[in-house]
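Examination of the molecular architecture
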Amino acid sequence: MGIQTTLDALAGAPRIIDAMRLADDLALEARRDPGLRTLRVLSAAIDRDDQVVAIAAVHALAGVVDQQASRRLSGLLTDHRPFIREHAAWALGETLPRLDAVARLLALVADGGFTGMLAQDTLEKWSGAVGDSLAVAIEAALLGVVEPAARTRLVETLGLVRQPVADRVLIEAALDEREPEDVRVAAIAALGQRAGSTQVAESLERLAVGDGRLSEVARLSLVDLQVVDSRAEDTGDGGLTVAQLFLHADIDPSLSAAGAGDNGGIATLLVRLGDALVADPAAHVDRVLTLSRGPVTRAAADLLSVGTSTGHVYGHVPLSPAPVPSASAWPLRVTARRGIRRLLRAAGRVDVLHLRMADVGSLAARDVARERGIPVVFTVAPDPHSIIQSLDRSGALTRSTFGETDLVEHFWFRTRMVQTLAANAAHTVLFPRPELARDMRELVGIDVAAYPERHTIVAEGVDLEVVDRAVAEAAAFSAAAGPAAAGTGAADPAASAALSDLAALLDDLPEHRRGLPLIATVGRLHRVKGMATLVEAWATSDLAARANLLVIGGDLEHPSLDEREQLARIDAVVPAASRAQAGLLLPGHRPNGVAARWLAAVRFGVPGRAAPHGVYVCASLKEEFGIALLEAMATGLMVVSPDAGGPATYVEDGVTGVLAATWDPAALVSAAGTALDLAARGDESVAGRAHDMVAARFTIQGMAAALGPVYREVTVHEAELLRSAGPVT
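Note that the structure is predicted; figures quoted are calculated from it, not measured.

**Section: the overall build of the chain**
Within the chain, the regular secondary structure consists of 32 helices and 13 strands. Relative to the 2.2 N^0.38 estimate, which gives 27 Å for 729 residues, the radius of gyration of the chain is 27 Å and therefore close to what a compact globule would have. Considering only C-alpha atoms, the chain reaches an extent of 75 × 60 × 55 Å along its principal axes. Put simply, 73% of the contacts in the chain that link residues at least 6 apart link residues at least 24 apart. Here the chain has roughly 27800 Å² of accessible surface; of this, 54% comes from carbon and sulfur atoms. Separation of charge centres in the chain, based on 68 positive and 90 negative side chains, amounts to 3 Å.

Structure follows, in C-alpha cells:
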C-alpha cells in the first residue's frame with residue numbers, strides 16, 4: 001500500500017481498536033521501504049495531535065534500519081510527552097543497541113513505573129551484545145543516585161547483565177550494610193542467577209546465616225545456584241502436570257481472601273478447577289500446580305512440596321513485602337520471572353503451562369516457558385480490546401487523549417501481549433461469545449476459522465455443590481424466621497454463623513428500610529467492575545427507594561489504590577457515616593462460601609430485615625465470562641449483566657435476567673428496575689430454569705472435562721515435535 005496510504009488508513013480508521021490493528025501494517029510498510037521519505041513521514045506523524053497515530057509511528061520507526069531513524073528514536077526518550085518517551089523505550093528493544101541511548105534508558109529505569117520496566121527490558125535485550133559497556137554505565141549511574149528505590153531498580157538491571165563484569169558491584173551491594181535493604185535484596189536475588197562463581201556462592205552463604213529478609217532471600221538464591229536447569233523426561237507413566245498462575249492474589253484452598261484487592265473470580269476459578277482436574281480420571285491430570293504471590297518464607301517451604309506432591313499443589317512467588325495491584329505490578333517482572341522459574345524447576349516435569357491474563361505474571365511465565373521448552377495454552381479474550389471499545393463508544397477515550405490514558409492503562413502493550421501470546425501458544429482456549437469469530441477477528445485480529453484445530457471453546461464453570469448447599473441453608477434460615485432459630489435449618493455451624501452475620505449487618509438498617517429487598521453485587525472494588533458506578537446509579541435514582549444495596553468485596557481495612565479510588569467515589573454520593581441510613585451495606589470481602597450464602601439469602605430474604613426476591617447486578621464495563629454472575633443465576637437470582645461478551649450467551653433477556661449497556665448509568669438503572677419487577681413475580685420456575693442451565697452447561701466439572709483433552713493433545717503434539725526434531729545440542 002505504501003507508507004503514506006497506510007498512514008492515511010490508520011488515521012481514518014472509524015474505531016480506535018481498528019487503528020491499533022493497522023499499526024502493524026504501518027510497521028510492515030516502514031520495514032519494506034526504509035528510505036528517507038519514510039523517515040520524514042513517520043517523524044511528522046509522531047508530532048500529530050492524534051496520539052494513536054503518533055504511537056503507531058514510533059513503533060514503525062523501530063523497523064527502519066537506518067542510522068537517522070535510530071538516532072530519531074533515541075532522541076524521543078527525552079520527548080516532552082511522557083507517552084512518547086514510554087513507547088520509544090519499548091520500541092528501541094526491537095533495534096540494534098545504541099550506546100547513546102543507554103544513559104537515557106537508565107534514567108527511565110531509575111524513575112521506575114511501567115516506563116522503567118520497558119526501558120529495563122530493552123537494556124536486557126541489548127545486554128547480550130553490549131553487556132560490558134552496559135555494566136560500566138550502570139555502575140557510573142549508581143554513583144549519582146541516592147534514592148533507595150531508584151538504586152534498587154538500577155541494581156536489579158545490573159543483575160540482568162550476564163557478563164562476569166557485573167559480579168563485583170553486585171557482591172559489594174549485597175554485602176554493604178550501608179545500602180538500603182531493598183537494594184541489598186535486589187543484589188542478592190541477582191547473585192542467585194550467576195552460577196559458576198565461587199565468590200558469588202561464598203557471599204550468599206555468608207548472607208544466608210541468621211534470620212530476616214536478607215537471609216531468606218539469600219537462601220532462595222543459593223537454591224537457584226544449585227538447581228540443575230533441565231526438564232525431567234516424560235517416561236509415559238502417570239498423568240499430566242499442569243501449571244496455572246495468577247500472581248495478584250495469595251491463593252489458598254479456602255479462598256479466604258476472595259474479593260480483596262485483585263483477588264477476584266480468577267482466584268476462585270483456579271482453586272475449583274485445579275481440584276476438579278485432579279479429581280476427574282478422564283482428564284488424566286495427576287498434578288495441578290497453582291502459582292500465586294506469597295511471602296519469602298512460604299516460597300522456600302513450597303519448593304519441596306511442588307516437587308514431591310501430587311494432586312492440587314500450591315506454590316508462591318515472593319514479589320514484594322506489600323501487595324501491589326495488578327496495574328502497578330509490571331515493574332515486578334524480573335522478580336516474578338525468577339520466582340516462577342524457581343518453582344517450575346523444583347516441580348520437575350511440567351507438561352503444560354496455562355496462561356489466562358495479559359499481566360505481569362503471564363509476561364514473566366512466558367519467558368520461563370520459552371527457556372524450559374514448556375508448551376503454553378493461552379485463554380484468549382478481547383481484553384483490553386473490549387474496554388477500549390466501550391470507552392471509545394462512550395466518548396471517554398479519544399484519539400487526542402489516548403496516549404495519556406495509555407500511560408495508566410497500558411492498553412497498547414496489553415493488546416500486543418495478547419496477540420503475541422495467542423500467536424505463540426501451542427493451543428488457545430476461547431470463551432463463548434454471541435459473535436465469537438467476528439469479535440476475535442475485529443477486536444483481536446485472530447481468524448479462528450483459519451486453523452480451527454488450534455482453538456477450543458471452553459466455558460468457565462462454577463462449583464454447584466457450594467451453591468446448592470448455600471441455597472438450602474438460606475432457605476432453611478429464612479423459614480426459621482431469624483437467627484434465634486437458625487440452628488434448626490443450618491447444615492453446619494459455619495452456615496449459621498455466616499447467615500447470622502448477614503442478619504446482624506442488616507440490623508444496622510433503619511426500621512423503614514428493613515422491608516425492602518436487596519440488590520447485591522460481588523467482586524473486586526475496581527473501576528472495570530463498576531462498583532462505584534452501581535452505587536452512584538442506585539443512590540441518584542428511584543432504585544434507592546425500592547431496594548437496599550449490598551456490595552460484597554474490597555479490602556476496607558487496607559485498601560489498594562484501585563479500592564481507594566472506588567471508595568472515594570462511593571463516599572462522594574453516600575458518605576461513610578450515613579451508609580446504613582441510606583440503605584447501602586458495604587461489608588468488604590468475604591470468603592467464597594460466605595458470599596454464596598449471602599447471595600442465597602438475597603433470594604429468600606431475611607425475615608424482619610430484608611424482603612425476598614432481591615436481584616444480582618453486575619455493573620462491569622465488560623465481562624469475558626462472569627463467574628459471579630453464573631453463581632448468582634445458579635442461586636436462582638434474577639440478574640443484570642453486560643449485553644456483550646460471555647453473559648450474552650447464557651442470560652435470557654427478560655426471562656432469567658436483563659442485558660444492558662452497563663457502562664451507561666441510565667441503562668443500568670433501567671435494567672435494575674426491570675430485574676426487580678421480574679423478581680417480584682416470585683416465579684420459582686424461572687429460578688429453576690436458571691439453575692438447570694448452569695448445571696447443564698457451566699459446572700467446574702464440565703470445564704475440567706473440556707480442558708483435559710486440550711492438555712493431552714498439546715502434550716502429544718509436543719512429544720511428536722521432540723521426536724521429529726531430535727536431540728538439541
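Next comes the rest of the account.
**Brief notes about the sheet that holds strand E1 (residues 240–245)**
Read from one edge of the open sheet, 7 strands run E3-E2-E1-E4-E5-E6-E7, paired in parallel fashion. Across the chains shown, the open sheet's two edge strands, defined by having one partner strand only, are strand E3 (311–317) and strand E7 (455–457). In this sheet, adjacent strand axes meet at a mean angle of 25 degrees when their direction is disregarded. In this structure, strand E2 (residues 285–293) lies alongside E3, joined through 7 bridges in parallel fashion. Counterpart to arginine 287 in the pairing with E3 is glycine 311.

**So, the environment of proline 612**
Note on placement: proline 612 falls in the loop between helix H28 (592–604) and strand E11 (615–617). For the pair formed by proline 612 and isoleucine 17, sequence separation is 595 residues and the distance between their alpha carbons is 44 Å. Beyond its immediate sequence surroundings of up to four residues, proline 612 is in contact with Pro517, Val602, Arg603, Phe604 and Gly605.

**Quick word on the packing of aromatic side chains**
As enumerated under the stated definition, the model contains 10 aromatic pairs in all. On the numbers, 5.5 Å between centres and 55 degrees between planes, the contact of phenylalanine 625 with tyrosine 650 is tilted. Taken as a pair, phenylalanine 625 in the loop between E11 and helix H29 (627–635) and tyrosine 650 in the loop between strand E12 (638–642) and strand E13 (657–660) lie far apart in primary sequence, 25 residues in all. An aromatic cluster is present here, built from Trp90, Phe114, Trp330 and Phe413 joined pairwise through their rings.

**Some thoughts on the pairing of E1**
The element E1 is largely enclosed, with a buried count of 6 among its 6 residues. The alternating pattern of E1 places Leu240, Val242 and Gln244 on one face and Thr241, Ala243 and Leu245 on the opposite face, and all of these are buried. Here E1 pairs with E2 via 6 bridges, running parallel. Residue leucine 240 lies in a different strand from E2, and its bridge partner there is valine 285.

**Topic: the pattern of salt bridges**
A pair can form between side chains of opposite charge whenever their charged atoms are brought close. Within the structure shown, the criterion is met by 46 salt bridges. In this structure, aspartate 121 engages arginine 333 in a salt bridge whose closest nitrogen and oxygen atoms are separated by 3.4 Å. A residue pair is termed long-range when its members are at least 10 positions apart, and aspartate 121 in helix H8 (residues 113–143) and arginine 333 in helix H16 (residues 333–347) qualify at 212 residues. A salt bridge links aspartate 367 to arginine 366; its shortest N-O distance comes to 3.4 Å. Overall, the relative accessible area of 12% leaves aspartate 367 in the buried class. Under the relative-accessibility criterion, arginine 366 is labelled partly exposed at 24%.

**Re helix H20 (residues 411–424)**
Its 14 residues place the ends of H20 20 Å apart at the C-alpha level, agreeing with the 20 Å of an ideal helix rising 1.5 Å per residue. For H20, the tally of buried residues reaches 11 of 14 residues, placing the bulk of the element in the interior. Here H20 has its buried residues at Phe411, Trp412, Phe413, Arg414, Thr415, Arg416, Met417, Val418, Gln419, Leu421 and Ala422.

**Concerning the confidence of the model for the chain**
On average, residues of the chain score 92 in pLDDT, and 95% of them reach the 70 mark or higher. In this model residues 229–236 is a low-confidence stretch, pLDDT under 50, and it forms 14 contacts with partners more than four residues away in sequence or in other chains.

**A look at unusual backbone geometry**
Only a minority of non-glycine residues have a phi that is not negative, and only a minority of peptide bonds are not trans. For the peptide bond that leads from aspartate 383 to proline 384, omega is 20 degrees, which places it in the cis range. Here the phi dihedral of histidine 410 falls at roughly 60 degrees; this positive angle occurs in a residue that is not glycine. Tracing the sequence through the fold places histidine 410 in the loop between helix H19 (402–409) and H20. We classify histidine 410 as buried; its relative accessible area is 5%. Residues other than glycine seldom take positive phi values, yet histidine 613 does so here, at roughly 65 degrees. Along the chain, histidine 613 falls in the loop between H28 and E11.

**Topic: the sheet that holds strand E8 (residues 518–522)**
Ordered in space as E10-E9-E8-E11-E12-E13, the 6 strands form an open sheet in which the pairing is parallel. Unpaired on one side and paired on the other, strand E10 (584–588) and E13 mark the two borders of the sheet. With direction set aside, neighbouring strand axes in the sheet form an average angle of 20 degrees. Looking at chain direction, strand E9 (residues 548–552) and E10 are connected through 3 bridges and run parallel. Within E10, the position partnered with leucine 550 by the bridge is leucine 585. The strands touched by helix H30 (residues 665–680) within the sheet are E8, E11, E12 and E13, with E12 carrying the most contacts at an inclination of about 160 degrees.

Cut-off values and rules
- Residues numbered from 1 in each chain as written.
- Predicted model: local features only at pLDDT ≥ 70, side-chain atom pairs only at ≥ 80, totals over all residues.
- Heavy atoms only, no water.
- Helix = DSSP H or I, 4+ residues; strand = E, 2+ residues; numbered from the N terminus.
- Rg over C-alpha atoms; globule rule 2.2 N^0.38 Å.
- Contact = heavy atoms within 4.5 Å.
- Areas by Shrake-Rupley, 256 points an atom, 1.4 Å probe, with all protein chains shown as cover.
- Lys, Arg positive; Asp, Glu negative; His and termini not counted.
- Charge placed at Lys NZ, Arg CZ, Asp CG, Glu CD.
- Pairing = 2+ DSSP bridges.
- Axes fitted to C-alpha atoms, helices over the stretch in contact; angles between N-to-C directions.
- Phe/Tyr/Trp six-rings, centres within 6.5 Å; stacked < 30°, edge-to-face > 60°.
- Buried < 20%, exposed > 50% of the residue type's maximum accessible area, 1.4 Å probe, protein only.
- Salt bridge = Lys/Arg side-chain N within 4 Å of Asp/Glu carboxyl O.
- Expected span 1.5 Å × (residues − 1).
- pLDDT = per-residue confidence, 0-100.

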